[in-house]
Amino acid sequence: MNAWWRAGGRENSDRGAAVGHPADPFWGASLRQWNAVCWVLFAAMALGLAALDRPGASKYAALALLGCVALAHLVLDRFPDNPVLRPHTYLWVLVLGLGGLSYLRGGYAALFIVTLPHYWLFARTPRTSIVFTGLATVSSLTGSWLRQGWSADFLSSTLVSTLIVAAASVLIGLWVHAVVAQSRERAGLIAELERTQLELSEAHQRQGAADERERMARDIHDTLAQGFASIIVLAEAARAGLDTDPERSAQQLRSIENTARENLAEARALVGSAQSSQVAAGSVAQTLRRTLDRFAEDSGLTVTADLADIGCDQPTRIALLRCTQESLANVRKHAAASTVGVVLSRQPFGVELEITDDGRGFVVGQTRGFGLDGMRKRLAELGGRLTVTSSVGDGTRVLAVIPTAEDEVVA
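The shown structure was predicted, so the numbers you read here are calculated from the model rather than taken from an experiment.

Calculation rules
- The residue count restarts for each chain, going from 1 along the sequence in the order it is written.
- Note on the predicted model: pLDDT of at least 70 is required for a residue's local features to be given, and 80 or more for side-chain atom pairs to be given and counted; whole-chain, interface and lining totals, by contrast, use all residues.
- Remark: hydrogens and water are excluded; side-chain values derive from all non-hydrogen atoms of the structure.
- Counting from the N terminus, the helices are DSSP H or I runs at least four residues long and the strands are E runs at least two residues long.
- Burial classes follow relative accessibility: with a 1.4 Å probe on protein chains only, a residue under 20% of its type's maximum area counts as buried, one over 50% as exposed, and anything between as partly exposed.
- All accessibility values rest on the Shrake-Rupley procedure with a 1.4 Å probe; residue burial counts only the protein chains present in the view.
- Only residues whose relative accessible area exceeds 30% and that form no salt bridge enter a patch; like-charged residues are grouped when within 9 Å of one another, and nonpolar side chains (Val, Leu, Ile, Met, Phe, Trp, Tyr) when within 5 Å.
- Here a salt bridge means any side-chain nitrogen of Lys or Arg lying within 4 Å of a carboxyl oxygen belonging to Asp or Glu.
- Helix span is expected to be 1.5 Å times the residue number reduced by one.
- Take the buried residues of types Ala, Val, Leu, Ile, Met, Phe, Trp, Tyr and Cys, join any two whose side-chain atoms come within 4.5 Å, and each joined set is a nonpolar core.
- Any two residues whose heavy atoms approach within 4.5 Å are treated as being in contact.
- Stacked, edge-to-face and tilted labels apply to pairs of Phe, Tyr and Trp rings (six-membered ring for Trp) whose centres lie within 6.5 Å, assigned for plane angles under 30 degrees, over 60, and everything in between, in that order.
- Pairs of strands are assigned from DSSP output, requiring at least two bridges between the strands.
- Crossovers are marked right-handed if the path from the first strand over the helix to the second runs clockwise, as seen with the strands pointing away from the viewer.
- What pLDDT conveys is the predictor's confidence in a given residue, as a value from 0 to 100.

Summing up its helical and strand segments, the protein chain has 12 helices and five strands in all. Here the protein chain holds 411 residues, and the buried ones make up 40% of them. Only carbon and sulfur atoms are counted for the fraction: they give 61% of the accessible area of the protein chain, which is about 21,600 Å².

This part covers a nonpolar patch on the surface. A cluster of nonpolar side chains, contributed by Tyr103, Trp145, Leu146, Trp150 and Leu155, occupies part of the molecular surface with about 560 Å² of accessible area. Overall, the relative accessible area of 43% leaves Tyr103 in the partly exposed class.

Moving on to helix H6 (residues 126-148). Given a rise of 1.5 Å per residue, 23 residues ought to cover 33 Å, and the 32 Å separating the end C-alpha atoms of H6 matches this to within 8%. Positive backbone phi, at 75°, marks Gly149, one or two positions downstream of H6.

If you look at the biggest cluster of nonpolar residues, it comprises 31 residues, and the most contacted ones within it are Val340, Leu344, Leu353 and Leu386. Of all the secondary structure elements, the ones that give two or more residues to this core are helix H10 (284-299), helix H11 (314-335), strand S2 (339-347), strand S3 (350-357), helix H12 (370-381), strand S4 (385-390) and strand S5 (396-402). Looking at which element gives the most residues to this core, the answer is H11, with seven residues. Aside from chain neighbours lying at most four places away, what touches Leu353 is Leu288, Leu320, Cys323, Thr324, Val342, Val343, Leu344, Val398, Leu399 and Ala400.

One pass over the structure, following the stated rule, counts two salt bridges. Here Glu354 and Arg397 are joined by a salt bridge, their closest N and O atoms 2.5 Å apart. Of the two residues, Glu354 sits in strand S3 while Arg397 sits in strand S5, which places them 43 residues apart along the sequence.

Right, let's get into helix H4 (residues 87-104). Helix length check: H4, at 18 residues, gives a terminal C-alpha distance of 26 Å against a target of 26 Å (1.5 Å per residue), a fit within 8%. Every buried residue of H4 is accounted for by Pro87, Tyr90, Leu91, Leu94, Val95, Gly97, Leu98, Gly99, Gly100, Leu101 and Ser102.

Geometry of an aromatic ring pair is reported as the spacing of the ring centres plus the angle between the planes. Throughout the structure, instances matching the rule amount to five aromatic pairs. Pairing Trp150 with Phe154 gives two aromatic rings, centres 5.8 Å apart and planes at 80°, and the pair type is edge-to-face. For Trp150, a relative accessible area of 62% gives the class exposed.

Glancing now at unusual backbone geometry. Backbone geometry at Ala336 places phi at a positive 55°, although glycine is not the residue there. By relative accessible area, which is 55% here, Ala336 ends up exposed.

This paragraph deals with the pairing of strand S1 (residues 302-307). It is a general feature of regular strands that their side chains alternate between the two faces of the sheet. Strand direction decides the pairing type here: S1 and S2, joined by six bridges, are parallel. In the sheet register, Ala305 faces S2, and the bridge partner there is Val342. Each parallel crossover has a hand, and the one from S1 via H11 to S2 is left-handed.

Another aspect to go through is the confidence of the model for the protein chain. As a general rule, the predicted coordinates of low-pLDDT regions are not to be interpreted in detail. This prediction gives the protein chain a mean pLDDT of 78; 83% of its residues lie at or above 70. Predicted confidence is poor over residues 274-281, with pLDDT under 50, and the contacts of this stretch with residues over four places away or in other chains come to 23 contacts. Across residues 407-411 the pLDDT falls below 50, and counting only partners more than four positions away or on other chains, this stretch makes 13 contacts in the model.

Here is the structure:
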């Protein structure tokens, strides 16, 4: 029976599983149980025929029919892949065997009842199961009629009981098929749900990895890349002034050293997934003041600052610092300005950072740099926004606004 169950699974893979096929776990378990009952019944009937019936042609014919049915069942059970005895062939043997046994002797009811589930277990569709059940019923009644005739016993006992059992078999079989079909449908829905959940999980993982790469790229651009750019500018200026202004060159070399140390600290912080140490030290106003002083010293530009002492959470402080660093880097590389103004203030809607310069300006819609886009995304993560106002010859104004909870903003 286990071999037939496995063979049924292979046939399902080729033809598509039908409800009630033995490859289904429910039907496999049912087939194992009925298989044991059938073998017990085959043995009991054979012993009864051999021991109790009187010798004669009918006895040997009944034993032969019973042996054919048992042999067919055994072959199908042990050799499910054989090319001759297929499930429907076995069902035909069972139909003819029941008819012959009911003709040769009475007492076939037990075999008829026990083998009825085989029409549902081995047939491929409910319609085929009903057809074979009907054929078995007609065959059994025909054999009994030929043996008994239209007797009162045949009409009142055999006919009525056989039809009742057959009708009950059909009703129960259809009900079980419906239950199994619903179970298979639910199992399919659960499997589909699990696949969808797995796909969503993989999509979330991919999105998380992409977001993390973008965050790392933005942090590297805002910290290491800006530091390296400052080092290059300071090195070029120091080299140009070695002969004419050695004191200034020495100061620029010290700035290069300090910038390199800060970049090293930033790199360690990024590798360790820690926040920048310079952001953690002091308030955001103090952090911005140190950044502006370093910028004024390195660039020689005039920097005016009006920085309110605002308390805010760490992500807001980092965003304000990064926006300031990126804006100052753009001033140094592109603006050709002489004066930079920075205003940090608290507003009813949150924290506002304004950075202006008197440089050459630019057309905002034509910018393609990573810096402004990175600032916009960083602020958007905090629910803020970035506004850039500029025109050629009129300087640039960068306004960063970050909403902050009332209890997090302290003057």
